[in-house]
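Structural description and commentary
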Amino acid sequence: AQTVTQSQPEMSVQEAETVTLSCTYDTSENNYYLFWYKQPPSRQMILVIRQEAYKQQNATENRFSVNFQKAAKSFSLKISDSQLGDTAMYFCAFISPNTGNQFYFGTGTSLTVIP
Amino acid sequence: GAGVSQSPSNKVTEKGKDVELRCDPISGHTALYWYRQSLGQGLEFLIYFQGNSAPDKSGLPSDRFSAERTGGSVSTLTIQRTQQEDSAVYLCASSLLGVAHEKLFFGSGTQLSVL
């Protein structure tokens with residue numbers, strides 16, 4: 001079975017500072033994809049960034065980047081120059097083409113950006 | 001529409017009543033997912049539809065839960081004889097092809113409260 005663990009239920013960061021959200025996962029698969037989704041108070045989740053497991057290079061999207069450590073099964077999200085609009089729940093997710101159609105989500109990290 | 005639409009946004013019902021939750025995916029998206037988000041927990045997979053294939057119902061928690069997708073578009077999640085533990089946010093998501101690397105487009109969810 002695939003599991004995704006987010007060990008930080010809540011975090012806060014000062015505006016303009018950098019914060020890192022942790023995510024670990026457990027799988028025996030070698031081919032998979034990892035995602036970070038953001039859920040603002042509107043409840044509508046949006047994709048922040050994704051990583052293919054076969055790519056060693058860490059994905060980046062503007063102020064968002066990941067630290068993907070395949071051997072350690074770790075997939076952390078770094079947010080640079082934090083903005084008030086980054087305040088949201090962040091979910092780490094995993095999917096493998098070999099284990100069915102479902103995405104496996106962590107329990108989320110609630111991030112608050114403090115002005 | 002431009003995005004995934006869910007209705008109603010909020011639903012309050014009495015224990016034992018039946019409820020229907022609606023999801024209107026992005027036009028042309030062949031894959032549709034239902035997830036349940038309970039307080040303090042991650043997203044729990046319920047069901048997955050892909051084109052004309054038989055749905056993956058492996059996540060439905062009991063036979064009180066059912067879902068259908070008519071004409072490959074709108075989906076309805078039905079919960080019969082609701083229980084208090086059914087209280088949660090029910091999220092719908094769609095993707096173009098339903099392949100693993102695709103991002104999901106989420107609706108804003110239905111907050112279900114069972115009294």
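For the structure, see preceding data.
This section reports on the structure supplied with the text.

The rules behind each value
- Residues numbered from 1 in each chain as written.
- Chains lettered and ligands numbered in written order.
- Predicted model: local features only at pLDDT ≥ 70, side-chain atom pairs only at ≥ 80, totals over all residues.
- Heavy atoms only, no water.
- Helix = DSSP H or I, 4+ residues; strand = E, 2+ residues; numbered from the N terminus.
- Contact = heavy atoms within 4.5 Å.
- Buried < 20%, exposed > 50% of the residue type's maximum accessible area, 1.4 Å probe, protein only.
- Pairing = 2+ DSSP bridges.
- Core = buried A, V, L, I, M, F, W, Y, C linked by side-chain atoms within 4.5 Å.
- Phe/Tyr/Trp six-rings, centres within 6.5 Å; stacked < 30°, edge-to-face > 60°.
- Axes fitted to C-alpha atoms, helices over the stretch in contact; angles between N-to-C directions.
- Buried area = accessible area lost by both parts, 1.4 Å probe.
- Polar contact = N/O pair within 3.5 Å; in protein donor to acceptor, adjacent residues only side chain to side chain.
- Nonpolar A, V, L, I, M, F, W, Y, C, P; charged D, E, K, R; others polar.
- Disulfide = S-S within 2.5 Å.

Here we look at the overall build of chain B
Helix and strand content of chain B: zero helices and ten strands. Listing the helices and strands of chain B from first to last along the sequence gives β-β-β-β-β-β-β-β-β-β. When its C-alpha atoms are laid out on the principal axes, chain B stretches across 40 × 25 × 25 Å. For chain B, the share of sequence-separated contacts (at least 6 apart) that also reach a separation of at least 24 residues comes to 55%.

Some words on the pairing of strand 4 (residues 31–37) of chain B
All names here are of chain B. Of all seven residues that make up strand 4, seven are buried, and the element is covered over most of its length. Burial along strand 4 is two-sided: the residues Ala31, Tyr33, Tyr35 and Gln37 and Leu32, Trp34 and Arg36 are all buried. Examined bridge by bridge, strand 4 and strand 5 (residues 43–50) share seven bridges and lie antiparallel to one another. If you follow arginine 36 over to strand 5, its bridge partner there is glutamate 44.

Here we look at the nonpolar core
All names here are of chain A. Tyr25, Trp36, Phe75, Leu77 and Tyr90 are the most contacted members of the largest nonpolar core, which totals 25 residues. Of all elements in the fold, only strand 3 (19–21), strand 5 (33–39), strand 6 (46–52), strand 8 (64–69), strand 9 (74–79), strand 10 (88–95) and strand 12 (109–114) reach the threshold of two or more residues within this core. Looking at which element gives the most residues to this core, the answer is strand 10, with four residues. Not counting residues up to four positions away in its chain, the partners in contact with phenylalanine 75 are Cys23, Tyr25, Leu34, Phe35, Trp36, Gln51, Val66, Asn67, Phe68 and Cys92.

Some words on the packing of aromatic side chains
Overall, the coordinates contain 17 aromatic pairs over all chains when judged by the stated rule. Consider the rings of B:Tyr33 and B:Tyr48, whose centres lie 4.7 Å apart with planes at 50°: the pair is tilted. With a gap of 15 residues between them, B:Tyr33 in strand 4 and B:Tyr48 in strand 5 connect regions that are remote in the sequence. For B:Tyr48, a relative accessible area of 5% corresponds to the buried category. An aromatic cluster is present here, built from A:Phe35, A:Tyr37, A:Phe103, A:Phe105, B:Tyr33, B:Tyr35, B:Phe45, B:Tyr48 and B:Phe106 joined pairwise through their rings.

With respect to the environment of B:Lys17
Summarising the element assignment, B:Lys17 is placed in the loop between strand 2 (10–13) and strand 3 (19–24). Remark: the alpha-carbon pair of B:Lys17 and B:Thr82, spanning 65 residues in sequence, is separated by 5.5 Å.

Looking at the sheet that holds strand 3 of chain B
All names here are of chain B. Reading across the sheet, the four strands line up as 1-3-7-6 and stay open at both edges, with antiparallel pairing between neighbours. Each edge of the sheet is formed by a strand with only one pairing partner; in this case those strands are strand 1 (5–7) and strand 6 (65–69). Between one strand axis and the next, the sheet turns through 15° on average, direction left out of account.

What to know about the interface of chain B and chain A
If you look at the interface, chain B gives 27 residues, while chain A gives 19 residues. If you sort the residues of chain B by the area they bury against chain A, B:Ala100, B:His101 and B:Phe106 come out on top, with a joint share of 28%. For the interface between chain B and chain A, the tally reads eight residue pairs in polar contact (both at pLDDT 80 or more). Each residue belonging to the side of chain B that touches chain A can be placed in one class, and the counts come to eleven nonpolar, 13 polar and three charged.

Overview of the state of the cysteines
If you walk through the whole model with that rule in mind, you get two disulfides over all chains. The disulfide that involves A:Cys23 links it to A:Cys92, with 2.0 Å between the sulfurs. Across the S-S bond linking A:Cys23 and A:Cys92, the dihedral sits near -70°, which makes this disulfide left-handed. In this pair, A:Cys23 is assigned in the loop between strand 3 and strand 4 (24–26) and A:Cys92 in strand 10, connecting sequence segments 69 residues apart. Classification of A:Cys23 by relative accessible area gives buried; the value is 1%. Its relative accessible area of 1% is what places A:Cys92 among the buried residues. For B:Cys23, the disulfide goes to B:Cys92, at an S-S distance of 1.8 Å.

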